[in-house]
Each structure stands twice: as C-alpha cells, then as structure tokens.
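Understanding the architecture of this molecule
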Amino acid sequence: MKQVVLFPGQGSQVQGMGENLFGKYPEIVALANQVLGYDVVNLCMQNPENRLQQTKYTQPALFVVNHLHYLQFLESNNKPSYILGHSLGEFNALLAAGLFDFETGLKLVQKRGELMYSIPGTGMAAIIGAEYEELKAILNEKFSTIDIANINSLTQIVISGALEDLEDV
C-alpha cells in the first residue's frame, strides 16, 4: 500500500500545537530554540502577544511542529511513497525528502517568515467560495493594491496587499 504525507501551510496554526510532541524530541526542540533565538514551546503553548498570528513566528513554529509530527509518523510507518507540502509545508516536504537538514530548513523558513512580515501595512486573507474570474474582476476594478497570491482550491483563493483594502474586500 502506498502512503502519502501532506504537510500543511500557514493558516493551520493553533495555540497548543505540538503539545504532545515537544517532550518526545528534546534535541530537535533545543536546536530550534537555538536557531530561532526564542522558545518555540512557549510560543506554541502560551502564544505570547498573539505571536502565532504573526508570519515571522507562525512559519518557523509550523515548520518545527510539522517536522515533529513527521518524526512521530516514521516511528510506526515506513517512509511514505509520496511527500507533499502546501505552501509553507513544501519546506517540510523538502526536508522529509532529504534535500536539506532540519537546521538549514528552519533557517530558510525563518528568513522567509521575516521577509514576508517585514512589508509594513500588508497582509493576506483567504477568500472562501468566490469564483476566480469574478474575484479577479472585482480586484482589478476596485482594489489596485490587492493581488491574488494563491489559489488553494476551487473554493479558496488567497489575496494579499494593503491591509485597509484587504478589510474592504
């Protein structure tokens, strides 16, 4: 039987994620804390200042928790036949496929999150249930500061741009 692992991306984060995994993999957690310069367990469990909603914290935290879930998966399963990742999860898929080690992947994800976070006055939003062409027409007509960033599925499209216009959309 073929197995598939799909790593989720940003938007799947929740306070408390990884709770049952951090104690199982203390070496990975210690390395993550060293690379990141903060306590990833505290971030995920306590979510100080709502940091899990800030891209520069969200992405590294998800990368770490996704990796811990994968390590747990491997304890009772063979390496999967297929490894996939959605958006940020692509980095976990690349790690699982052996393209780089955990530390390298975490540094890449940390930089990615910092760069995305560093653009002031901007953000992202998922639009549920809109047709692509209809949404594109509305954006072109009324919101020049907003772009379609990703098409997650036929019923979910991610837009990005100026925060004030995102709220209006």
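Provided above is the structure to which this section pertains.
Described below are features of the structure shown in this document.

Scoring rules and cut-offs
- Residues numbered from 1 in each chain as written.
- Predicted model: local features only at pLDDT ≥ 70, side-chain atom pairs only at ≥ 80, totals over all residues.
- Heavy atoms only, no water.
- Helix = DSSP H or I, 4+ residues; strand = E, 2+ residues; numbered from the N terminus.
- Buried < 20%, exposed > 50% of the residue type's maximum accessible area, 1.4 Å probe, protein only.
- Contact = heavy atoms within 4.5 Å.
- Areas by Shrake-Rupley, 256 points an atom, 1.4 Å probe, with all protein chains shown as cover.
- Lys, Arg positive; Asp, Glu negative; His and termini not counted.
- Charge placed at Lys NZ, Arg CZ, Asp CG, Glu CD.
- Expected span 1.5 Å × (residues − 1).
- Arc of directions from axis to C-beta.
- Polar contact = N/O pair within 3.5 Å; in protein donor to acceptor, adjacent residues only side chain to side chain.
- Phe/Tyr/Trp six-rings, centres within 6.5 Å; stacked < 30°, edge-to-face > 60°.
- Core = buried A, V, L, I, M, F, W, Y, C linked by side-chain atoms within 4.5 Å.

1. Focus: the overall build of the protein
Broken down by element type, the protein carries seven helices and five strands. For the protein, the spread of C-alpha atoms along the three principal axes comes to 50 × 40 × 25 Å. Among the 169 residues that make up the protein, the fraction classed as buried is 38%. Sequence separation of at least 24 residues holds for 67% of the intrachain contacts in the protein that already meet a minimum separation of 6. Only carbon and sulfur atoms are counted for the fraction: they give 51% of the accessible area of the protein, which is about 9600 Å². The centroid of the 10 positive side-chain charges in the protein is displaced by 8 Å from the centroid of its 18 negative side-chain charges.

2. Notes on unusual backbone geometry
Phi angles above zero are rare outside glycine, and N47 is one such case at about 50 degrees. In this structure, S87 takes a positive phi of about 55 degrees despite not being glycine.

3. Details of helix α5 (residues 102–117)
Residues spaced three or four apart along an α-helix point in a common direction, a consequence of the helix completing one turn every 3.6 residues. Helix length check: α5 (16 residues) gives 22 Å between terminal C-alpha atoms against 22 Å at 1.5 Å per residue, within 8%. Among the residues making up α5, those that are buried are F102, G105, L106, V109, Q110 and G113. All buried residues of α5 project into a common sector of 135 degrees when viewed along the axis, lining one side.

4. Regarding the side chain of Q13
Take Q13: it is sitting in the loop between β1 (4–7) and α1 (26–36). Using a relative accessible area of 11% as the deciding quantity, one classes Q13 as buried. From its side chain, Q13 meets the backbone nitrogen of G11 in a polar contact 2.6 Å long. At 3.4 Å, the side chain of Q13 and the backbone oxygen of L52 are in polar contact. When residues no more than four places from it in sequence are discounted, the contact partners of Q13 are L52, Q53, T58 and L62.

5. A word on the packing of aromatic side chains
Aromatic rings considered in pairs are described by the distance between their centres and by the relative angle of their planes. This model, assessed by the stated rule, comprises four aromatic pairs. Ring plane angle 65 degrees and centroid distance 5.6 Å describe the contact between F7 and Y70, whose orientation is recorded as edge-to-face. Placement of F7 in strand β1 and of Y70 in helix α3 (residues 55–76) is noted, with a sequence separation of 63 residues between them. Both residues of the pair, F7 and Y70, count as buried. Summarising the aromatic geometry, the rings of Y38 and Y57 are spaced 5.2 Å apart at their centres and angled 65 degrees between planes, so their arrangement reads as edge-to-face. Here Y38, found in the loop between α1 and α2 (40–46), pairs with Y57, found in helix α3; they are 19 residues apart in sequence, far enough to count as distant. What makes Y57 buried here is its relative accessible area of 14%. Here the aromatic cluster, defined as three or more aromatic residues joined through ring pairs, consists of F7, Y70 and F73.

6. Looking at the nonpolar core
Within the largest apolar cluster, 29 residues are counted, with the highest numbers of intra-cluster contacts made by F22, V40, C44, L68, F102 and L106. Secondary-structure elements contributing two or more residues to this core are α1, α2, α3, α4 (89–96) and α5. Sorting elements by how many residues they give to this core places α3 first, with seven residues. Not counting chain neighbours up to four residues away, the residues in contact with F102 comprise I28, L31, A32, F63, V64, H67 and L95. Counting nine residues, the second-largest nonpolar core is a separate cluster that includes L135, L139, I146 and L166.

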